[in-house]
Every structure is written in structure tokens, then in C-alpha cells.
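A structural walkthrough
Residues per chain, in single letters:
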Amino acid sequence: MSKIKEVELAEENYCIALQPICDANMNHIADELLYRSSATATFAQVDDQLMATARVINATFLETGLKNLIGNRKLFFNAPKEWILKPELLPPYPEQVVVEVLESVTGEPEIVAALKKVRELGYDVALDDFILNDSTRPLLEVASIIKVDLFEPVLEKDLNEYRQRGIRLLAEKVEDLDTFNRFKAMGFEMFQGYFYARPEVHKETSRKGRGSNHGAQLRILSELQSAIPNYQALENLIAQDPQLAFMLLKYVNSSALRRRNEITTIHQALNTLGLERVRGIVTTVMLANNGPASRLLLPQVLTRAHMCERLAAGTKDICPRSAFMLGLMSMMDLMMGMEMAELMEELPLTQEIKDAIMQQEGRLGKLLNLVVGFEYANLNGKSPELIARLNKAWIVSQKWSNEVMGQV
């Protein structure tokens, strides 16, 4: 789901986003890095575009680090014509970066020659919103991936030509599960769109018969956020979800933690890992196991929750743990495939959190609206200082959510 993040740097806003890309099994395999030179500019000069791109690259690849931001997934990087002609400006990760050619670029000889050099350097090349015609056909010589805009007519004869050339197909703007399944059957390998973020998709793609106890899951989420959690209660609740208990024990005994003695009980696992790690691991394992749609949505949920927590830590009147729970619960209807009102009835949340989620009221409601507004680039009238603070919190939170997802 594409969420544009606005950043204030010097005297110019620019925008950055990560949009998930999944494979035919709804595994999160890549992200698209989106940007534009200005959030408000009517006309963009080439120099401005290049500078904005350089700033985004600096924030993504140098300051934060690609591994920290997205782990081992691929990153689709929108490359303007000017960057294609100067491959030395491209991010220095050819094994992980996919150079995405914008739809405005045609198959001029100098472009094709430059893209051949890009391929020789080890980068994949994707053609964005590609429409085959005489002016774009030369680009097929250098393409490894074609992104097909499903809002435009999709011609079978064009798809056949792409397949014959061994070019992989990515479907863009996939809005629902029926569309996902239809283009999957047509041989598309990658998918991008809103289809995984709809409750009906979650219900259809959730794992059947895995023995989960939603009531226990919701109580676990609440207990994890207590100032002084009741470990005995937490142990009992985790025991009610056999798969969650299994995954927790599997993780604590994994080679990554290098334990000498085997951990065989939930009690030992809780004491060994510590509350902060347990909070991240249990939450992620529990929600990710709800199905592939949940796993695609989970990084955004965790990033929002952690961002709310970080912003609350800078205030005097909002409890950071309550803020984390607020962000987590604000998307729980999608994660659980349940109506939000039903969730609010089941969860032992404070009335302040419930009012913030259901009516956007109170201090927590304002915090949630601010974070959601940031996700959708709806920050008109906000100060440059606040936008910069939000952007910093988002980058740190994105890094944290990626670390947590990597652990499980």
C-alpha cells in the first residue's frame, strides 16, 4: 500500500515512500522506493529532480542503510532519464536494486545503450507502466521486468511477446483478490496494489484450521503493553495458542541466539528473551501467522505502532506504551479480518484508546491522525520542523519493524 512521506530538507520538501511488492504466494519480496522533487511545486526543473533523488538516495542508502530499511528484499528505484544516462549515480547495490524506467522514457538509442550498461553492471531493469508501441519497443532489448498497469488495456499479444523474450511480468494497481488470482493464472509473477489490505482478502487468504485463539491473541496484545506485565497470565495466554507457543520456542532455540541449553517451556522463553524482545517477537509471529495478507500488511502496522510510541516519548502527557497499542490496534480490523467495533468490545483497552480509534478524539486521537496524515502526505499547514520530526520517526520505525520481521 503506497504511503507518501513528506520530508523538509533545507528549503524544499520532497517525498519518499515504500510500496510493497509480493510474489504469487503473497510473499513480500520487494519494495518500490517512490519520490518526487517537491510536494507543492507546479513545475520541476531537472536540477531539482536530480537533487531530490540524491537526497532520497542519501537518506535511504547512506544514512539508514538498505539492509536496515528492507533487509534482503529487492528495491525498485525510479530512475529519471538523467540518472539512466549517468549509471555512476545509481545506488551501489546492483544485486538488490532494480532500476525502474519511467513511462515517459522511450527507446532512444542513447537510452538503450545506457540501459545495456546498467544491465552489465548487474542491475535488473523494470519498465514502469509500460505500453508497447514503435517508440518503446527498443526497450524490450534491455528489460528484465515489465510492470503492467491494470488500469490500462492489457493485450494478450503484447504479453506473449514479453514472455517469449523471457521478461518477467509485474501487475500494478491490483485492487482485489479476484484480479490478483486472474493475473496470477495468466503468468504474472509479481503484484503491487491494495488487494492485500482489504478485510475480505484477509479472510479468504487466512490459514484454515491452524488452531489460533483470537480472544487469547487480543488479550496477549493488551498484556504485552502493560507497564508491569503479569508473566504468569502472559504464559497462560500464549499456551492457549499452540502455534504461537511453538513459534516462540522455535525462535528462542534458533541458532541466531546461540543458546547452550535448550529452552523447553514458555516460562523459560519469556525470562530468556526479556519483555521488549518478547513484545516484538510475539506480536509479529502472532499476526504474521494470520495469513499471507497479514504478513504483507504487518510491516506497515508495526511501523505505525512504533512511530506512535516514539512521538509519544517526546511528550509529557502521552504514555508511550499506550501510543504503541494505539498504532497497533488502529489497523487490527484488517489484520484480524474483524469489524473494528467488535474488536473494541473484545479488547480490554482504555476508553481513551477506544475513543481515539473509533472517534479520533483526545490526545491519542490527535496523535493517530498526525501519523496517518503523514502516511498519506496529508500534512498541509504543518511546520517544516514537525514534518522533519515525523520523517525521522518514520525512518527509525521502519528500521525497527524490518528488524522485528527479520527475527521471525
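Residues numbered from 1 in each chain as written. Predicted model: local features only at pLDDT ≥ 70, side-chain atom pairs only at ≥ 80, totals over all residues. Heavy atoms only, no water.

**Thoughts on the overall build of the chain**
What the chain contains, in helices and strands, is 19 helices and nine strands. The buried share among the 408 residues of the chain stands at 55%. Excluding contacts between residues fewer than 6 apart, the proportion of contacts in the chain whose partners are at least 24 apart in sequence is 61%. (Helix = DSSP H or I, 4+ residues; strand = E, 2+ residues; numbered from the N terminus. Buried < 20%, exposed > 50% of the residue type's maximum accessible area, 1.4 Å probe, protein only. Contact = heavy atoms within 4.5 Å.)

**Thoughts on the nonpolar core**
Formed by 121 residues in total, the largest nonpolar core has its most connected members in Ile-238, Leu-328, Met-332 and Leu-367. The element best represented in this core is helix α13 (residues 292–313), accounting for 11 residues. With eight residues, the next largest nonpolar core counts Val-98, Ala-126, Leu-170 and Met-190 among its residues. (Core = buried A, V, L, I, M, F, W, Y, C linked by side-chain atoms within 4.5 Å.)

**What to know about the packing of aromatic side chains**
Within the structure shown, the criterion is met by seven aromatic pairs. Seen in terms of ring centroids, Phe-195 and Tyr-196 are 5.6 Å apart; in terms of plane orientation they differ by 90°. Their pairing is edge-to-face. Owing to a relative accessible area of 0%, Phe-195 belongs among the buried residues under this scheme. Among the aromatic residues, ring-to-ring pairing joins Phe-180, Phe-191, Phe-195 and Tyr-196 into one connected group. (Phe/Tyr/Trp six-rings, centres within 6.5 Å; stacked < 30°, edge-to-face > 60°.)

**Let's talk about the confidence of the model for the chain**
Here the chain averages 81 in pLDDT, and 84% of its residues register 70 or above. Here residues 1–13 is modelled with pLDDT under 50, and outside its nearest four sequence neighbours on either side it reaches 63 contacts, counting other chains as well. Scored below 50 in pLDDT, residues 36–47 makes 17 contacts in the model with residues more than four places away or belonging to other chains. (pLDDT = per-residue confidence, 0-100.)

**A look at helix α9 (residues 231–239)**
For α9, the full list of buried residues reads Leu-234, Glu-235, Leu-237 and Ile-238. With its buried residues spanning 165° around the axis, α9 presents them on a single face. Residue Asn-230 occupies the N-cap position of α9, its side-chain oxygen lying 3.0 Å from the main-chain nitrogen of Gln-232. (Arc of directions from axis to C-beta. Polar contact = N/O pair within 3.5 Å; in protein donor to acceptor, adjacent residues only side chain to side chain.)

**Some thoughts on the environment of Val-105**
With respect to the helices, strands and loops of the structure, Val-105 is situated in the loop between β5 (97–101) and α4 (109–120). Owing to a relative accessible area of 7%, Val-105 belongs among the buried residues under this scheme. For the pair Val-105 and Asp-128, spaced 23 residues apart in the sequence, the C-alpha separation amounts to 9.5 Å. Those residues in contact with Val-105 that sit more than four places away from it in its chain are Lys-81, Ile-111 and Leu-139.

**Topic: the pairing of strand β9 (residues 190–193)**
Taking every second residue as pointing to the same face, both faces of β9 are buried, with Met-190 and Gln-192 on one and Phe-191 and Gly-193 on the other. Pairing geometry for strand β8 (residues 168–174) and β9, over three bridges, is parallel. Note that in β9 the partner of Val-174 across the bridge is Gly-193. (Pairing = 2+ DSSP bridges.)

**Considerations on unusual backbone geometry**
As a rule of thumb, non-glycine residues mostly have phi less than zero, and peptide bonds are mostly trans rather than cis. Despite not being glycine, Met-26 has its phi angle at roughly 65°, a positive value. Despite not being glycine, Gln-360 has its phi angle at roughly 55°, a positive value. Here Gln-360 lies in the loop between α17 (351–359) and α18 (362–375).

**Describing the packing of helix α12 (residues 275–288) against α13**
It is the contact of α12 with α13, at a shortest axis distance of 9 Å, that shows an interaxial angle of 145°. In this structure, the crossing between α12 and α13 has a hand that is right-handed. Here Thr-283, Thr-284, Leu-287 and Ala-288 of α12 come into contact with α13, specifically with Ser-294, Arg-295, Leu-298 and Leu-302. Each residue belonging to the contact of α12 with α13 can be placed in one class, and the counts come to four nonpolar, three polar and one charged. (Axes fitted to C-alpha atoms, helices over the stretch in contact; angles between N-to-C directions. Left-handed = near helix turned anticlockwise from the far one by under 90°. Nonpolar A, V, L, I, M, F, W, Y, C, P; charged D, E, K, R; others polar.)

**Side note on the pairing of strand β7 (residues 145–149)**
Most of β7 is tucked away: five of the five residues are buried. Both faces of β7 are covered, namely the face carrying Ile-145, Lys-147 and Asp-149 and the face carrying Ile-146 and Val-148. Alignment of strand β6 (residues 124–127) against β7, held across two bridges, turns out to be parallel. Each residue of the ladder has a partner; that of Ala-126, found in β7, is Ile-145. In this fold, β7 hands off to helix α5 (residues 156–164), which returns the chain to β8; that crossover is right-handed. (Right-handed = clockwise from strand over helix to strand, strands pointing away.)

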